[in-house]
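# A closer look at the structure
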Amino acid sequence: MTLLEKQQVEDVWVITVRENRLDAAVARIFREEMEKLIEHREYLRIVLNLSKVAFMDSSGMGAIISVLKLIHPKGGFALCGVGEMVSKIFRLTRMHKIFKQYETCEEAVAALSAESKATANH
């Protein structure tokens, strides 16, 4: 079983974490699966859907940060569906200032698609 569910919407990949916890037990698996996706280069505009994640610890945060570092500056990365408990972790660590976050995946996809089109026109 894979930890991640993938769906392509326009030029953006929506990656949904299927576990309700992104902690030390699954952070390594999450990071490895994301690295495999990114190394193929078609996964450079990613919306990470955290709507199923109810708990995240520092290991989970570290794994998400490592994904951002792999994608940036070549692509785009945004979060959607961040629940209240996970949102608190982002605010406490001030990572809410680093990660683009959207209520819905549709909003996040639209934002990354717009960035992609603006970049292509320059």
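As a reminder, the structure under discussion sits directly above these lines.
Scope of this entry: the structure provided in the associated data block. (Residues numbered from 1 in each chain as written. Predicted model: local features only at pLDDT ≥ 70, side-chain atom pairs only at ≥ 80, totals over all residues. Heavy atoms only, no water.)

### Looking at the environment of Ile89
Mapped onto the secondary structure, Ile89 falls in helix H3 (residues 84-92). Linking Ile89 and Met61, residues 28 residues apart in sequence, is a C-alpha distance of 8.3 Å. Here Ile89 is in contact with Met56 and Met61, once residues within four sequence places are set aside. (Helix = DSSP H or I, 4+ residues; strand = E, 2+ residues; numbered from the N terminus. Contact = heavy atoms within 4.5 Å.)

### Observations concerning the side chain of Asp23
Turning to its location among the elements, Asp23 is positioned in the loop between strand S3 (21-22) and helix H1 (24-39). Look at Asp23 and you get buried, because its relative accessible area is 10%. At 2.9 Å, the side chain of Asp23 and the side chain of Arg21 are in polar contact. Discounting chain neighbours no more than four positions away, the residues touching Asp23 are Phe55, Asp57 and Ser59. (Buried < 20%, exposed > 50% of the residue type's maximum accessible area, 1.4 Å probe, protein only. Polar contact = N/O pair within 3.5 Å; in protein donor to acceptor, adjacent residues only side chain to side chain.)

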